[in-house]
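Chain by chain, the residues:
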Amino acid sequence: MVYDYRLSTHEVSQDVLQRAVNSGLTGVTGGAWTGDQPAAFVDWFEAAAFVNFLNTDRGFTPAYDLSWDGESWTMNLWSSADAWQLGGENLYRHKDAFYFLPSENEWFKAAYYQGGGTTAGYWNYQTQENTAPAAVASGILANTAVYNGQAEPASVFANGGLSAYGQRGMGGNVSEWTESAWDGLNNSVSEDRTVRGGDWFESFDQLASDYRDINAPLYESDFIGFRVASVPEPSTVALLLLTGVASRLWHWRLRRGR
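Here the structure is a predicted model, which means the values were calculated and not measured.

Criteria and cut-off values
- Residues numbered from 1 in each chain as written.
- Predicted model: local features only at pLDDT ≥ 70, side-chain atom pairs only at ≥ 80, totals over all residues.
- Heavy atoms only, no water.
- Helix = DSSP H or I, 4+ residues; strand = E, 2+ residues; numbered from the N terminus.
- Buried < 20%, exposed > 50% of the residue type's maximum accessible area, 1.4 Å probe, protein only.
- Contact = heavy atoms within 4.5 Å.
- Areas by Shrake-Rupley, 256 points an atom, 1.4 Å probe, with all protein chains shown as cover.
- Phe/Tyr/Trp six-rings, centres within 6.5 Å; stacked < 30°, edge-to-face > 60°.
- Lys NZ or Arg CZ within 6 Å of the ring centre and 35° of its normal.
- Salt bridge = Lys/Arg side-chain N within 4 Å of Asp/Glu carboxyl O.
- Pairing = 2+ DSSP bridges.
- Axes fitted to C-alpha atoms, helices over the stretch in contact; angles between N-to-C directions.
- Core = buried A, V, L, I, M, F, W, Y, C linked by side-chain atoms within 4.5 Å.

**Quick notes on the overall build of the protein**
Move 1: Looking only at helices and strands, the protein has 4 helices and 16 strands in total.
Move 2: Of all 258 residues assigned to the protein, the portion counted as buried reaches 53%.
Move 3: Sequence separation of 24 or more characterises 63% of the internal contacts of the protein that already satisfy a separation of 6 or more.
Move 4: Put simply, the protein shows about 10200 Å² of open surface, and 51% of that area lies on carbon and sulfur atoms.

**Let's talk about the packing of aromatic side chains**
Move 1: This structure, assessed with the given rule, holds 17 aromatic pairs.
Move 2: Between W44 and F45, the aromatic rings sit 5.5 Å apart at their centres with planes inclined by 90°, giving edge-to-face as the arrangement.
Move 3: Looking at F45, the relative accessible area reads 7%, which means it is buried.
Move 4: A cation over an aromatic ring shows up here: R212 above the ring of W182, its NZ or CZ 3.9 Å from the ring centre.

**Quick word on the pattern of salt bridges**
Move 1: By the definition in use, this model includes 7 salt bridges.
Move 2: When the shortest N-O distance is used, the salt bridge between R93 and E106 registers 2.9 Å. Taken together, the positions of R93 in strand 5 (residues 90–94) and E106 in helix 3 (residues 104–112) put the pair 13 residues apart, joining distant regions of the chain. Take R93 and E106: they sit in the same class, and that class is buried.

**Examining the sheet that holds strand 11 (residues 175–181)**
Move 1: Here we have 4 strands laid out as an open sheet, ordered 13-12-11-14, and mixed in their pairing. Edge positions in the sheet fall to strand 13 (213–215) and strand 14 (224–225), since each of these pairs with one other strand and no more.
Move 2: Bridge count between strand 11 and strand 14: 2 bridges; the pairing is parallel. Its bridge partner lying in strand 14, E176 is registered against G225.
Move 3: Packing against the sheet, helix 2 (residues 44–57) makes contact with strand 11 and strand 12 (193–196), and its axis sits at approximately 85° to strand 11.
Move 4: In the packing of helix 3 onto the sheet, contacts are made with strand 11 and strand 12, and the angle to strand 12 comes to roughly 10°.

**Describing the nonpolar core**
Move 1: Counting 46 residues, the largest nonpolar core has W44, F50, Y64 and F226 as its most contacted members.
Move 2: Elements represented by at least two residues in this core include exactly strand 1 (4–8), helix 1 (14–22), helix 2, strand 3 (73–76), strand 6 (99–100), helix 3 and strand 11.
Move 3: Per element, the largest residue contribution to this core is 9 residues, and it comes from helix 2.
Move 4: Counting residues in each nonpolar core, the second largest holds 6 residues, with W33, A40, V146 and W200 among its members.

**Some thoughts on unusual backbone geometry**
Move 1: Positive phi, normally seen in glycine, also occurs at Q128, with a value near 65°.
Move 2: Among the residues examined, Q128 registers a relative accessible area of 29% and is labelled partly exposed.
Move 3: Of note in this structure, N148 is not a glycine but carries a positive phi near 70°.
Move 4: By secondary structure assignment, the location of N148 is in the loop between strand 10 (144–145) and strand 11.
Move 5: When its relative accessible area of 46% is taken as the criterion, N148 is described as partly exposed.

**Focus on the environment of P217**
Move 1: Examined against the element boundaries, P217 turns out to sit in the loop between strand 13 and strand 14.
Move 2: Taking the C-alpha atoms as reference, P217 lies 6.0 Å from R193; in sequence the two are 24 residues apart.
Move 3: Beyond its immediate sequence surroundings of up to four residues, P217 is in contact with D43, W44, F45, W177, V189, S190, E191, D192 and R193.

Okay, here's the thing in structure tokens:
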């Protein structure tokens, strides 16, 4: 099924995560890196809780049925009546949520696909190339990525070249949680989640379209961060405001789902 969605240009930074915490988000810390570097040491539930906070802070329905008891997160599946149905039933995501973690399919298309014209199709790498990008410590040049033995991740605003749809740093810098369970069914809250994109230290093979990684949803690492997706409305101005919580993050690009 074809549908529209949006994906943030940048990974969520530690600065943005901390602003959300200062504004009332609980049970989420991060802190592997600082400032405009990506938020990491965030497990899947914490990434989902950040997304829920974006929704509830603006009056939208939470994407995920999470509960925080002061020490740990728990999660329930939505009923079929409440679950996201576009592209197949997804019991993790509520159908009325505005913000959500990108599914593996949504992440994959934004990273590797180029639409329109005679060159429409999928690339091997996120930088619109079939050969590995040049490895850099930071920067925004086309066909570059932060990987292959760099000392640490770069700023989310300077972590390599763009994908065809305008996302920066989908290859390297930090790997990214996707919403999806490894088997793609999203029918068990405890199932391992898919991680995509490679990181600042690993080699080119982890950036490639045929590479998938897997981790338990409670796993935390300084190598893993995340970015956020949304439905394609309301106005760009409203998206940029977000009541001041994430004003530097939300440079949105419209995506055609797969």
